[in-house]
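One letter stands for each residue in the lines below.
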Amino acid sequence: TLSPQPSSAAALRAWLRPLLTGDGVPERTTEEITLAAEEALNGAILHGELRRADITVTLSTVAADVYLTVSDDAERRSDETLAADDEAAEAQAFGSALLGGLMDEVTLRSSAEGTIIRLVKHLGGSATGAA
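Residues numbered from 1 in each chain as written. Predicted model: local features only at pLDDT ≥ 70, side-chain atom pairs only at ≥ 80, totals over all residues. Heavy atoms only, no water.

S.K.: Run through the overall build of the protein, naming residues and quoting values.
M.R.: Helix and strand counts for the protein stand at four helices and four strands. Listing the helices and strands of the protein from first to last along the sequence gives α-α-β-β-α-α-β-β. Counting the 131 residues in the protein, one finds 43% classified as buried. Excluding contacts between residues fewer than 6 apart, the proportion of contacts in the protein whose partners are at least 24 apart in sequence is 66%. On the protein, roughly 6900 Å² of surface is accessible, and the fraction owed to carbon and sulfur atoms is 51%. (Helix = DSSP H or I, 4+ residues; strand = E, 2+ residues; numbered from the N terminus. Buried < 20%, exposed > 50% of the residue type's maximum accessible area, 1.4 Å probe, protein only. Contact = heavy atoms within 4.5 Å. Areas by Shrake-Rupley, 256 points an atom, 1.4 Å probe, with all protein chains shown as cover.)

Structure follows, in structure tokens:
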């Protein structure tokens, strides 16, 4: 669980990298997954309506797939609110493109109860266990 502050990215990296490398994920793929996780975290911080909502990151590897979720109790800003904030809209577009380029599957679900970003990377047999 991370606080909704940009400084939480360092804690995320420090937690995530050893888990991935320890589970046999290749270094380049570890960096891609870590970058995607940071971008999802930044999106949760930037777009969350409730700035004080902690952000939870979970990781699991099953067979040759890595599953990462970034979730919080904050509903994301509406498209209308984002459209009025050019910087946030630009960041969202960049973040979506980045996540799509780094991960094999990206899904986002948001409701009044919170937001969940699910990231999946298919490793093709590289990972060996579960984190």
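S.K.: I'd like a description of the nonpolar core, backed by residues and values.
M.R.: In globular proteins that are soluble, nonpolar side chains generally tend to be buried together. With 27 residues, the main nonpolar core has Ile 33, Leu 68 and Leu 119 as its most contacted residues. Looking at this core, the elements with two or more residues in it are helix H1 (8-22), helix H2 (27-47), strand E1 (55-62), strand E2 (65-72), helix H4 (86-102) and strand E4 (114-122). With seven residues, H2 is the single largest residue contributor to this core. Look past the residues within four positions of Leu 68 in its chain and what remains in contact with it is Leu 16, Ile 33, Ala 37, Val 57, Thr 58, Leu 59, Ile 117, Arg 118 and Leu 119. (Core = buried A, V, L, I, M, F, W, Y, C linked by side-chain atoms within 4.5 Å.)

S.K.: Tell me about the environment of Thr 107, and please be specific about residues and values.
M.R.: Within the secondary structure, Thr 107 sits in strand E3 (residues 105-111). For the pair Thr 107 and Arg 118, spaced 11 residues apart in sequence, the C-alpha to C-alpha distance is 5.2 Å. Residues in contact with Thr 107, not counting those within four places in the same chain, are Ile 116, Ile 117 and Arg 118.

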